[in-house]
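Okay, here's what each chain looks like letter by letter:
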Amino acid sequence: LLAAADGLGSIAIDTTQLNMSVADPTAWATAMNNLGMVPVGLAGQQLVTDSICVPGFDPSLSMMTGIAPINPMIPGMGLVPPPPPTDVPVVKEIIHCKSCTLFPPNPNLPPPSTRERPPGCKTVFVGGLPENATEEIIQEVFEQCGEITAIRKSKKNFCHIRFAEEFMVDKAIYLSGYRMRLGSSTDKKDSGRLHVDFAQARDDFYEWECKQRMLAREERHRRKMEEDRLRPPSPPAIMHYSEHEAALLAEKLKDDSKFSEAITVLLTWIERGEVNRRSANQFYSMVQSANSHVRRLMNEKAAHEQEMEQAKESFKNALTGILTQFEQIVAVFNASTRQKAWDHFSKAQRKNIDIWRKHSEELRNAHSEQLMGIRREEEMEMSDDDSGDNPSKKLRVDDSALAAQAYALKEENDSLRWQLDAYRNEVELLKQEKGQLFRAEESLTKDQQLQFLQQTMQGMQQQLLSIQEELNNKKSELEQAKEEQTHTQAMLKVLQEQLKSAKELADINGHEDSQANEINVLTVALVNQDREKSSEKRSPGLRSEKEALLIGIISTFLHVHPFGANIEYLWSYMQQLDSRISANEIEMLLMRLPRMFKQEFTGVGATLEKRWKFCAFEGIKTV
C-alpha cells in the first residue's frame, strides 16, 4: 500500500497550480478523470451536496431524538461520498490537501475501533500523526470538518482537537485509518496512520449538562403551563361585608342580570355570621329583594312551558305533514306494483321499486306510531283535567286554596310590617350619614380651595422663573453682540493701519500691484474668517425649499467658474431662471453660508473687483 501510495504521489500534480475552485465537485471530478483516477463517489450515485455541512443544520438533534448520526463530508473539497446502503461496503477516496495527502485504509481491513461516545462530545483524540506534522498542517486537514475552537498538540505525535459543534466530530471520525503523508517525502517522520477517536472533555460535558438543564427547565415550564390551562377556574373572591358593599349588593339584587352573582355573595355573608343587631334590617331588606324574584322566576317558567307547548304543537303539525307525504309515496309505490304498470318495468327496476316500497312503509309505520304516542299523551292529560271536575274533589281543593290564601295574606302582612320598620331604620341612618357628609363636604371644599390657590401660586412662580431665564438669555446675547461689535471695530482699525503702512512700503519699493493684491487677499480672508465665526453663531437654517433650490443652482454655477464670479454676473444668470429675484437677495443668501461661499477682492484702485467663490469642499475638510 505504501508503494502504491508513493506511485500515486509521484504522478500527482501540485495542488497549488490548480486554477479551479476546489469547492466545485463537478470540476474536481473532471480533473480526477483527466488524471486517470476513479471519479469520486459510488457508481450511479450523485455527490452529496453541501447542505449536509451547512452550519444551520444541527446534527446534535441525534442525541435528543435518537436519529442515527450522518456520515461526515468535508466541506469545500467535496471528496467524501454519501453514506452508502448497509449492504454496500464504504469506499474511501484519496484526499489531497495543500501541505499533505491522505491515503485511505485497506477496505478489506475491519473499521477502526472507537470508544463509547461521551455525551455532548465536541473534542476528538488524533493519534498516529507524523513526527514533522505542525499545528498548521493539523489545522489545514481538520478545519475541513468544521470550525475548530482549540488544538492541543503533544510532543508524542498526538493531539486533541475541539470543534464548535457536535456533528463536526462525526466528520473527523471518518478520517480515522487514513495514512497521512507530508508533501511527496518518503521519510518515516513525514508519514503516519491517523487514529481519530472520541475524547472526554470537561468543557464538553459541562455544556451538555447546561443544555440538559435548560431542556428540563423548558419541559417543567411547559408542564406547568399545561396544568394551569387544564385546572378549573377558581371561584371569584367574595368581598368582606361593609355598609357600602351592602348598599351595592342591594342594587345588584334588584337587577335581574346580576341576581345570580349577588345571591351568592349574600349567602356567603349570612354563613360567615355577618348578621347582627345593627345590620339585621339591611340584611332583611336584601332577603326581601331576593324573595321578590320568585314571581319573576315563576313567570319565566310559565313562558318556557308555553314555548314548549308551542314547539310540541309545531312538531306535531310537521310530523303530520311528513306522515301525509309518506302516505302519498307509499300510494305511488302501490300503484306502480299493479299489473297495469308492473309489466312494463324491467327485472332490475322491479327489484328497486320493491325495496323502496318496503323502506317507505317501515318509515311510515314508525312515524305513525310516534304520532299516535303523542296523541295518547294528550288524551291522558285531558282525562286528568276531566277527573279534576269531580265536585267533592273540587270542594276539597277550594278549602285548601282558601287556607293557603289566608296564610299567604298573614305572611304578607308580617312582611309589610317588618318592611316598615326597616324603612324607619334606614331613614334614621340616612339622616346620620347626611349630617356627616355635609361636614365632610365643607372640609373638602376648604381643602380644594387651598389646593387651587397653591397650584396658582406655583404656576405664577414658574412663569416668573421662565421670564427671568429669558431675560438673562437676552442679556447674554446683547453682551455677545457688543463684544463682537468691539472686536470687529478693533480688527478694522488694525487692518486700516496695516493697509496704510503697506501702501507706504509699496510706494517706496515700487511694487504696488503685487503687494496690494496680497494685502487685499489678506484683508478679505480676515474679514471672511470673522464673518464665518459670527455667522456660525447667528446663521439659521434654510427657511424654505426655494432657498435650497437657489443654493443648489448657485453652487453648480460657481463650481464651473473656479476663479469666481461677481454678484452682477451671478444675478444676470439667475434672473433668466427667476425674474423676480434681486441681487441683494442673492448676496444675503451667500453671506449666510460662509462655509459654502467666500468673497475675495481682486485688483487695485479702479480695477478693484469683488468676486464670490464656491468653497464647500474645503469647508467639509476643515470640519
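The structure this text deals with has already been given above.
Everything numeric here is computed off the predicted structure, so don't read it as measured data.

Moving on to the sheet that holds strand S6 (residues 179-182). Pairing is antiparallel in the open sheet, where four strands are placed in the order S1-S2-S6-S7. The sheet is open, and its two edges are formed by strand S1 (95-96) and strand S7 (191-193), each paired on a single side. Here three bridges tie S6 to S7, and the two strands are oriented antiparallel to one another. Considered in S7, the bridge of arginine 179 is made with arginine 193.

For asparagine 157, which is not glycine, the phi torsion reads 60 degrees and is therefore positive. In this structure, asparagine 157 sits in the loop between strand S4 (148-153) and strand S5 (158-163).

This paragraph deals with the pattern of salt bridges. In total, this model carries 27 salt bridges according to the counting rule given. A salt bridge links aspartate 170 to arginine 117; its shortest N-O distance comes to 2.6 Å. Within this pair, whereas aspartate 170 is found in helix H5 (residues 167-174), its partner arginine 117 is found in the loop between strand S2 (100-103) and strand S3 (123-127), the two being separated by 53 residues in sequence. On the basis of relative accessible area, arginine 117 is assigned to the partly exposed category, the value being 23%. In this structure, glutamate 618 engages lysine 598 in a salt bridge whose closest nitrogen and oxygen atoms are separated by 3.8 Å. Placement of glutamate 618 in helix H18 (residues 616-622) and of lysine 598 in strand S9 (residues 597-602) is noted, with a sequence separation of 20 residues between them. Since its relative accessible area comes to 48%, glutamate 618 is described here as partly exposed. A single salt-bridge network, built from bridges that share partners, covers Lys122, Arg162, Asp204 and Glu207.

Once that is clear, we can look at the sheet that holds S3. Read from one edge of the open sheet, four strands run S4-S5-S3-S8, paired in antiparallel fashion. Of all the strands in the sheet, the pair left with one neighbour each is S4 and strand S8 (195-198). In this sheet, neighbouring strand axes are inclined to one another by 20 degrees on average, regardless of whether the strands run parallel or antiparallel. Docked against the sheet, H5 engages S3, S5 and S8, running at close to 150 degrees with respect to S8.

Residues Ile270, Val275 and Val287 make up a contiguous nonpolar surface patch of about 220 Å² in total accessible area. Structurally, the position occupied by valine 275 is in the loop between helix H8 (259-272) and helix H9 (280-291).

The subject of this paragraph is the layout of surface pockets. By rolling a water-sized probe across the atoms, one finds the places where empty space is left. The space that makes up the largest pocket amounts to roughly 1,300 Å³. Around the largest pocket, the lining is made up of 39 residues, and of these Asn281, Tyr284, Ser285, Met286 and Glu426 lie nearest the centre. Secondary-structure elements contributing two or more residues to the lining of the largest pocket are helix H7 (243-254), H9, helix H10 (293-336) and helix H13 (391-509). Residue composition of the lining of the largest pocket, by class: 14 nonpolar, 15 polar and ten charged.

The rules we used
- Residues numbered from 1 in each chain as written.
- Predicted model: local features only at pLDDT ≥ 70, side-chain atom pairs only at ≥ 80, totals over all residues.
- Heavy atoms only, no water.
- Pairing = 2+ DSSP bridges.
- Helix = DSSP H or I, 4+ residues; strand = E, 2+ residues; numbered from the N terminus.
- Salt bridge = Lys/Arg side-chain N within 4 Å of Asp/Glu carboxyl O.
- Buried < 20%, exposed > 50% of the residue type's maximum accessible area, 1.4 Å probe, protein only.
- Axes fitted to C-alpha atoms, helices over the stretch in contact; angles between N-to-C directions.
- Contact = heavy atoms within 4.5 Å.
- Patch = residues over 30% accessible without salt bridge, like charges linked within 9 Å, V, L, I, M, F, W, Y side chains within 5 Å.
- Areas by Shrake-Rupley, 256 points an atom, 1.4 Å probe, with all protein chains shown as cover.
- 1 Å grid on protein atoms, 1.4 Å probe; cavity = no way out; pocket = protein on both sides within 12 Å on 5 of 7 lines; lining within 4 Å.
- Points joined across faces, edges and corners; volume = space filled by probe spheres on them.
- Nonpolar A, V, L, I, M, F, W, Y, C, P; charged D, E, K, R; others polar.

Scope: geometric values only; no functional claims are made or implied.
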